[in-house]
Every structure is written in structure tokens, then in C-alpha cells.
Amino acid sequence: MRAPLRTERLSKTFPHVDALRELTIEVPEGAVFALLGPNGAGKTTAIKTLLNIQEPTSGRAELLGVDSRSLGAGEFARIGYVSENQQMPEWMKVGYFLSYCREFYPDWRDEDAAELVRVFELPLDRRLRHLSRGMKVKAALASSLAYRPKLILLDEPFGGLDVLVREQLIESVLERTPEATVFLSSHDLSEIESFASHVAYLNEGRLLFAEEMAALSGRFCEIEVTLGEPAELPDDLPAAWLNPEQSGVVIGFVDSQYDPERHRADIQRFFPGARDVTARTMTLRAIILAISKAARPSQRARRKSEVTPCV
Amino acid sequence: MRLALHIFKKDVRRFWWGIAIALLLQIAADSLDVAANTIVLPVPLDWLLMVAWAALVALAVHEDPLVGDRQFWITRPARWRVLLASKLLYALAVVHAPSFLADVVVLAARGFRPWEWLGSMLLKQVALVAVVTLPTIAMAAVLRNFAHLALAVIGIVGLTVFASNIVVGADDEVRTVLTAAVLGAGGLAVTWWQFARRRTSRTRLAGIATVAAAELVFVSLTPVFVARVYAAVDPAPARVSFHVSEVSIAWRDFAPYVRYSDTAAYVPVNVPLSVSGIPTEEQCLFGPALVYVIAPGGERMESRATYFTREMMIVQIPRSFYQRFGNAKVNLKGTVAAVLYRLGSTASLRVGERRPVPGMGRCSTELVAIPEIASGELHGFTQVECESPASPSLPGLAEFWSADLSHRTAQLEWRSAGLSPLARAMATFPLSPGEDPRPSGKFDITPEIPLGWQVVDLDFSGLRLQDYVLVQ
């Protein structure tokens, strides 16, 4: 089965800014794929390029088996898209807005729309301009889910929403899987962790990693080694050990390729006098922070020089 | 088509109030047009209507904006052709259908058979498409909001007013048609490109190029070029030529024509002419003449003839040029546009009569009387008014015969009245106190029927300017 969304060295350059650099990802069918990254990382550009709202500078993207540049009405009828900063027809009442959207989709289901209106408690006779931000996102989401899209793209959909509304929206989206594939961008790591099946991280337009959530959580471990007596931190530590830091007899680092057997042997090799080794699982937030920190060599060097005098 | 209709219905629902205002303006303009027996129509109402149309079309395009990347509609399954079709349908319904219907009503109400004038009514709609609809859609498609569009329109109108002021006789049909064609074609290209590709920077450049090209066409067409186009389309059946006449003309006879000359800077020179090639039963009317005076040694001086008839032409010569070459033998070359015409059959109308006059549409005459309160006598004027959907290119002649058989003549100059489907011409004849023209007064109306155009080359050699000078 072909992946419903895949990109190959997809790049987008604006004058003086490389917003997206050779992004290559593949989103499996039925996945909830979260594209993470700080503000300005290129997440929105990636989604807009995927949807042919912006033309890629190089590389290619494929949605539902069709090149993004050739997306037509047939494909858009199977794609749902909600963005935090979408310009809505604010003059429309919610009821008219939904009935207006209805005509565009051959697969529109009135019972789904009615159910979404009920769950989201949408006021049908209120104009969009008079709705709160959360309600507007709900209306947009209702208009994008009622035709049971095969691919749902959400660009920072939950930003600025209260917890209850977020939960409602997330639940509604998850109910569509695995029939639908979800691709969403966010810079809020904690909310993603609870429901994303796949995760990718974008920083300054560059993809740092993209993999299954379970595999990511499994291979990242926070390690703390307590030595018998103070010793110099070796220079040739494995590359997979990120952000090593030393404080007296305690050495801490993040193992990004954690494997209990191999790990034990490596500890013995680099720290023969280790008295105690603790391995802790990491939250997505902690993993991302570790990767981001490791991606900045100057900061790493500075940190090392800062700790050296304490040894 | 179903989706185009769906988007169209949404736009109508959104702007029903604006459409209602435009329709009210249309009804008001047409009521005045239907009732008018004078050519003084409230043109500002027509301008308001055009502004309302442009605003409505622009608002509808901005309802589904093409500039930007945050629009709600761009990821909805509607092809760009559907969106464009919906906006064109909207323009058709809001601008062109009411305007066409209004023309039918006005023509029928003024005694014409609308189906006989279907061609000219459709042509008017094509002109509206080229000048109003397409440029408005194109501008709205490449500009972010209504304020930007309003500023752009003000800029373009300002540029056009400026251009009109620097072009002599800017109201000729060729100039108008070519400018409208450039605007329409450019508007269509920009609209198509922006709807299909949404490459705003590039289409904006194309839009600016269109406006520049239209303005360039507007200002750069010379009267001679315009005349050549007319001559190519409708050539004159005879060959007109000019020679310098031996008859001398005293400057005093032409004092009115040189009265406003800047005689400090220019020396008015009157060259007597004789014309040949005009058949006896035909008449000839001359347009502005472009003249070059070529001095011995090849120095050229370009000027326009400020007055040109079949008997003479008056040319303003810069004083410095005259001082150097006034006594020398110079060559005079140039061109003048000529239209040959004949007088049609004369129709007589009594005061208060209204009927068709061949070549002049429908004409009516009336007495506009102002009773003198003191004497109880009538005092006022009579007038003749003709109206025609054909907008004749040449004026007609109106002769008013008083009861005492004295008569006065006036020209019936055709004028288009705003958006009216009728061109109108009017002449008035003041009455003496107490004069009542109703019992036996009559009007004779004679159309001037154009036969064709010719651009006549002027080539006179060996002239001494000093021999023809009007005022030293």
C-alpha cells in the first residue's frame, strides 16, 4: 500500500530564508504523524507546500498518490485541512458555513456533520466572526471531517485552546483513524505525546528525525553513572551518547540508541569504576530537548568548559 | 457548473444589499433616460452606477481572495475554472444582465424596436466587459484588499485624466476602442493567469504592464494615425487634393482666428487653398492638420494648423523661425484628415411633433415657453432633439422656419449621454418676445451621411511665409 503522504528532498526557499531543506518523510496509512519543531522551524511551510498552497523550490511531495503540484478537486475532496491562521468566511453563520461546504464534497455525510455539531456544541445561528477562537477551530474542523477525509492535515490546530477543547478536538480526530491518516504540526510537545503514533522533528527547516513514537521512546534513555572516584570524562564517548555532563562523581548523558545489553558493555568499557548506573525513560519533551541541545555543538562545547573547573 | 452556481449564490447572498443599491441606481438612471427630452442627463448617476458595479465585482472576487496563502477556499475541492466561472456569472448577473435589460426598456420606451439594435446593445456590453468587468476582476485578483484596489483605481483614473489633457481630441473612437481592447485583453490575461496559477508578483507586473500599455496607446496615437485607420476601414470614394491658391486674404477678415494667438511668440500665417476632387454633390469636413515647414538647408518646424478649411489654413510659426526664414522659400508638407459626406433627405417637423427621421433616429420638436407675467405674451425658445441608438458619426442640420418665413440654421451635434443606449443631439432657437411658432413654424432636419475617409497629403513647395503672414 502506497503511503498517503510522502516527500522526497522537498525544499522551499524564500528570499534570504531556506524555510524547508530537503525534507524526506513517509507517513504510513492510518498513522497520526506529528511534525514538531520550534516556531519558525518550517512546519507551516511544509504543510503549505504539501497542499500546493506554496510551490516547492525543489524536491517533490505526494499526497494520496498524486504529486502535490497536480492536486486537484478530486484529491482535495479526500483531504481535510485546518490551520490555526486560516481566513474563514467570517460573515457566514455556522449553519450556512457547513451547508456551503457540503456542496463541495460528494462524500459529505449529514449525520457526521450533525454529530460534530452536537459534540462541539456549535451554535448554528451564530456568525463565525462572533465565535471564540476555539469555536472557530471546531467549526473549521467540523467542515473538514464531515466528509470522512482519507488524509487530515492540521497546522497548529490546538494553539491557544483550553485543555477541554483540545481534548474534544483530539478525540474527534482520533475517531477518524485508522481509516484516515493524520498529519499535524505542533510546537506543543506534551499534547502530541499522548496520541501521535509517529513523530518527526524539524529545526530551521531541517529534519532531525522521523520515526514511530514507540521506537523513539524505546531508544532514548537518560543515563546517570556514579563513579567510585572522580575521573576525567573520556573524549571518545559513543556518538549516540548525547550531552554528556559531569558533576563530581556523577556523569549524566542521553543514550539515543539505548540497548540494555550493548549499553552495559559500553559502560564497563568507558567507566570501569562505575558504582551505580541508572537508566530512565524520557518524555518526548526531554528527548526533543536533548536532541536540540546536541544539535548545537557550540553550546555543547561551552557547557563542557563550564563544568570542567568543578571536577 | 453546479459548484460555480453554488459559489455565485453565496456571493449574491453576501452582497445582496450592494446589488440592491446598484439596481436602484440603474432604475433611477433609466427612469431619467426614459423620461428625458433633453440631452442633459444626470451623468454623475451613471458614474455612480459604474463605481457600484466595479465595487460589487471587486468585493465578490475578494470574497474568495487569490492573494495570500491563508484563504479558506484554497484547499476546498473547487477547480480554479469553477471559481472564475462563478465570478464571471456574478458579473453577468449583477452588471451585464441589468444593464442589457435596461437598454431594452429604454429603447422600447423611446419608440425604438430593441431587437433591431441587438448588435449595438451587445457591443456596449462587450465594451463594459473590456473597460469595467475584466479590469476590475483582474485588479481585485492581484490586490490584497478593497483599500488597495481603491488606491489603484484612483491612480489609474488620475493617470488617464492627465493623459486626456495632453492628447488633443482624445475622444476619437479609434483611440477609445484600441485603449479598451488593450485594457480588456490585459485584464483577461491577468485574470486567467492569476486564477490559474496564483503567482501574484508576476501577475501584478503583467497588470502594471497592461495599464502602461493602455495609457501609451491612449496618448501616442496621432490624429493622422486615427484618420488612417478610419480611411482603411471606410475609404472615401473620391481623391481629395489641395493646392495653394493665388487668392490673397486680408488678415482683418480672419482676426477672430488669430485673436487669441500668442503673437509675441508666434506669427500666424494664412495659406489660401483650393481643393479638388470633391464631387459637386458631396461635402467634405476636415480634421486637425499636422504641418511641417522645411526651410532651405533642411531645418524642420512642426506645427498644427489652428484652422483648416477647404479655402485656407492658419499655421502658427514660432517667431524665431519666422525671423530667420520668413523671407526664404520654404516647403510646406503635412497631412490632414478628411471625411466626405453628403446631405441626406430633409424631413420637416411641425412644432410639437415627434417621429422617425431617416439617418437621425427619432426627432421631436417642442416649444419651451416662458409666459411673460406682465404682458401675458409668450417668451422662450423652440428646440429640436434627435435620438438614435446608432450614434451617427456626423452631425445633422436643423433649420427652423418662423411664421414670417425667416429661418435660422444650427448643427445637431451628437453626444453620448453616459450609459444611455441612445446618442442625442439637440439645437435650440430663441424666440422673439410674443412670437408663437406653433401655427406655421416648422423644422427642417437634414442628416449628414458619411461616405468615407481620406488622409490627404499636403505638399506645397517654394512658399515665402512673409507673403501669407496675417499679423507681423
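Here the structure is shown first, and the text comes after it.
Here's what I pulled together on the structure shown here. All figures in this text were calculated on a predicted structure; none of them were measured in a lab.

1. Focus: the interface of chain A and chain B
Now for step 1: Taken together, the contact pairs 29 residues of chain A with 23 residues of chain B.
Now for step 2: Of the roughly 2500 Å² buried at the junction of chain A and chain B (both faces included), carbon and sulfur atoms supply 55%.
Now for step 3: It is Gln87, Trp91 and Phe104 of chain A that lose the most area in chain A upon contact with chain B, and together they represent 27% of the buried surface on that side.
Now for step 4: Taken together, chain A and chain B are joined by four salt bridges.
Now for step 5: Taking the shortest distance from any N to any O, the salt bridge between arginine 199 of chain B and glutamate 55 of chain A comes out at 3.2 Å.
Now for step 6: Remark: the boundary between chain A and chain B carries 11 residue pairs in polar contact (both at pLDDT 80 or more).
Now for step 7: Among the elements that take part in the side of chain A that touches chain B, helix H3 (residues 94–102) of chain A stands out by supplying five residues, more than any other.
Now for step 8: Grouping the constituent residues of the side of chain A that touches chain B by class yields 18 nonpolar, eight polar and three charged.

2. Considering the pattern of salt bridges
Now for step 1: Tallied over the entire structure, the rule returns 41 salt bridges over all chains.
Now for step 2: Put simply, arginine 176 of chain A and glutamate 175 of chain A hold a salt bridge, and the shortest N to O gap is 3.8 Å.
Now for step 3: For aspartate 11 of chain B, the salt bridge identified is with lysine 87 of chain B, shortest N-O distance 2.6 Å. Pair noted here: aspartate 11 of chain B is in helix H1 (residues 2–14) and lysine 87 of chain B is in helix H4 (residues 80–109), with a separation of 76 residues, a long-range link. Assigned by exposure class, aspartate 11 of chain B and lysine 87 of chain B land together as buried.
Now for step 4: Counted as one network, the salt bridges with shared partners bring together Arg6, Glu8, Glu26, Arg60, Glu62 and Asp67 of chain A.

3. A word on the state of the cysteines
Residue and element names in this part refer to chain B.
Now for step 1: Using the criterion set out here, one finds one disulfide over all chains in the structure.
Now for step 2: A disulfide bridge connects cysteine 363 with cysteine 386, and the sulfur atoms are separated by 2.1 Å. Around the S-S axis, the bridge from cysteine 363 to cysteine 386 shows a dihedral of about 110° and counts as right-handed. Placement of the pair is cysteine 363 in strand E9 (residues 361–371) and cysteine 386 in strand E10 (residues 378–388), with a sequence separation of 23 residues.

4. As for the environment of serine 388 of chain B
All names here are of chain B.
Now for step 1: In this fold, serine 388 is placed in strand E10.
Now for step 2: Through-space distance from the C-alpha of serine 388 to that of glycine 361 is 4.3 Å; in sequence the pair is 27 residues apart.
Now for step 3: Those residues in contact with serine 388 that sit more than four places away from it in its chain are Phe112, Met360, Gly361, Trp414, Pro421, Leu422 and Ala423.
Now for step 4: Of the polar contacts made by the side chain of serine 388, one reaches the backbone nitrogen of alanine 390; its length is 3.0 Å.

5. Brief notes about a nonpolar patch on the surface
Residue and element names in this part refer to chain B.
Now for step 1: Together, Phe162, Ile166, Leu216 and Val219 make up a nonpolar patch on the protein surface, roughly 400 Å² of accessible area in all.
Now for step 2: Put simply, the parts of the chain that give the nonpolar patch at least two residues each are helix H6 (146–166) and helix H8 (200–220).
Now for step 3: Valine 219 sits in the partly exposed class, given a relative accessible area of 31%.

6. Considering the packing of aromatic side chains
Each aromatic ring pair is described using two quantities: the centre-to-centre distance and the angle formed by the ring planes.
Now for step 1: Counted under the stated rule, the structure contains 23 aromatic pairs over all chains.
Now for step 2: Here phenylalanine 242 of chain B and phenylalanine 308 of chain B contribute two aromatic rings whose centre-to-centre distance is 5.2 Å and whose plane-to-plane angle is 90°, an arrangement assigned as edge-to-face. One end of the pair, phenylalanine 242 of chain B, is in strand E1 (residues 241–244); the other, phenylalanine 308 of chain B, is in strand E4 (residues 300–308), with 66 residues separating them in the sequence. The burial state of phenylalanine 242 of chain B is the same as that of phenylalanine 308 of chain B; both residues are buried.
Now for step 3: One aromatic cluster in this structure is built from Trp91, Tyr96, Tyr100 and Phe104 of chain A.

7. A look at the environment of leucine 124 of chain A
Now for step 1: By the element assignment, leucine 124 of chain A lies in the loop between helix H4 (110–120) and helix H5 (133–145).
Now for step 2: Setting aside its immediate chain neighbours within four residues, leucine 124 of chain A contacts Lys93, Val94, Gly95, Leu98 and Val117 of chain A.

8. Here we look at the side chain of glutamine 86 of chain A
Now for step 1: Turning to its location among the elements, glutamine 86 of chain A is positioned in the loop between strand E6 (79–83) and H3.
Now for step 2: Judged by relative accessible area, which is 12%, glutamine 86 of chain A ranks as buried.
Now for step 3: One polar contact links the side chain of glutamine 86 of chain A to the main-chain amide nitrogen of serine 83 of chain A, over a distance of 3.2 Å.
Now for step 4: In contact with glutamine 86 of chain A, not counting residues within four places along its chain, are Tyr81 of chain A together with Arg70, Phe72 and Thr75 of chain B.

9. A few points about helix H7 (residues 173–197) of chain B
Residues and elements named next belong to chain B.
Now for step 1: When the terminal C-alpha atoms of H7 are compared, their 35 Å separation across 25 residues agrees well with the 36 Å that a helix rising 1.5 Å per residue should span.
Now for step 2: Inspection of H7 places Val174, Arg175, Thr179, Ala180, Gly184, Gly186, Gly187, Val190, Thr191, Gln194 and Phe195 among the buried residues, and these make up the whole buried set.
Now for step 3: On its buried face, H7 sits against H4, helix H5 (118–142), H8 and helix H9 (223–233).
Now for step 4: Once H7 ends, the next one or two residues include arginine 198, with phi positive near 50°.

10. Thoughts on the layout of surface pockets
Now for step 1: Taken as a whole, the second largest pocket encloses approximately 1000 Å³ of empty space.
Now for step 2: Along the wall of the second largest pocket there are 32 residues; nearest its centre are Asn52 and Ile53 of chain A together with Arg197, Arg198 and Arg199 of chain B.
Now for step 3: Secondary-structure elements contributing two or more residues to the lining of the second largest pocket are helix H2 (73–76) of chain A together with H7 and H8 of chain B.
Now for step 4: Broken down by element, the residue count for the lining of the second largest pocket peaks at four residues, all from H8 of chain B.

11. With respect to the pairing of strand E5 (residues 312–318) of chain B
Residue and element names in this part refer to chain B.
Now for step 1: Among the seven residues of E5, six are classified as buried, and the element is accordingly described as predominantly covered.
Now for step 2: One ladder, built from seven bridges, connects strand E2 (residues 266–276) with E5; its direction is antiparallel. Along E5, the bridge assignment pairs tyrosine 266 with proline 318.
Now for step 3: Pairing geometry for E4 and E5, over three bridges, is antiparallel. When the sheet's bridge partners are listed, phenylalanine 308 is paired in E5 with methionine 313.
Now for step 4: Once E4 ends, the chain turns through three residues before running back antiparallel as E5.

12. Comments concerning the nonpolar core
Soluble globular proteins tend to bury their nonpolar side chains together.
Now for step 1: If you look at the biggest cluster of nonpolar residues, it comprises 134 residues, and the most contacted ones within it are Leu153 and Phe183 of chain A.
Now for step 2: With nine residues, helix H3 (residues 43–63) of chain B is the largest single contributor of residues to this core.
Now for step 3: Listed in part, the 36 residues of the second largest apolar core include Met301, Leu332, Leu463 and Leu465 of chain B.

Conventions adopted
Residues numbered from 1 in each chain as written. Chains lettered and ligands numbered in written order. Predicted model: local features only at pLDDT ≥ 70, side-chain atom pairs only at ≥ 80, totals over all residues. Heavy atoms only, no water. Contact = heavy atoms within 4.5 Å. Buried area = accessible area lost by both parts, 1.4 Å probe. Salt bridge = Lys/Arg side-chain N within 4 Å of Asp/Glu carboxyl O. Polar contact = N/O pair within 3.5 Å; in protein donor to acceptor, adjacent residues only side chain to side chain. Helix = DSSP H or I, 4+ residues; strand = E, 2+ residues; numbered from the N terminus. Nonpolar A, V, L, I, M, F, W, Y, C, P; charged D, E, K, R; others polar. Buried < 20%, exposed > 50% of the residue type's maximum accessible area, 1.4 Å probe, protein only. Disulfide = S-S within 2.5 Å. Patch = residues over 30% accessible without salt bridge, like charges linked within 9 Å, V, L, I, M, F, W, Y side chains within 5 Å. Areas by Shrake-Rupley, 256 points an atom, 1.4 Å probe, with all protein chains shown as cover. Phe/Tyr/Trp six-rings, centres within 6.5 Å; stacked < 30°, edge-to-face > 60°. Expected span 1.5 Å × (residues − 1). 1 Å grid on protein atoms, 1.4 Å probe; cavity = no way out; pocket = protein on both sides within 12 Å on 5 of 7 lines; lining within 4 Å. Points joined across faces, edges and corners; volume = space filled by probe spheres on them. Pairing = 2+ DSSP bridges. Core = buried A, V, L, I, M, F, W, Y, C linked by side-chain atoms within 4.5 Å.

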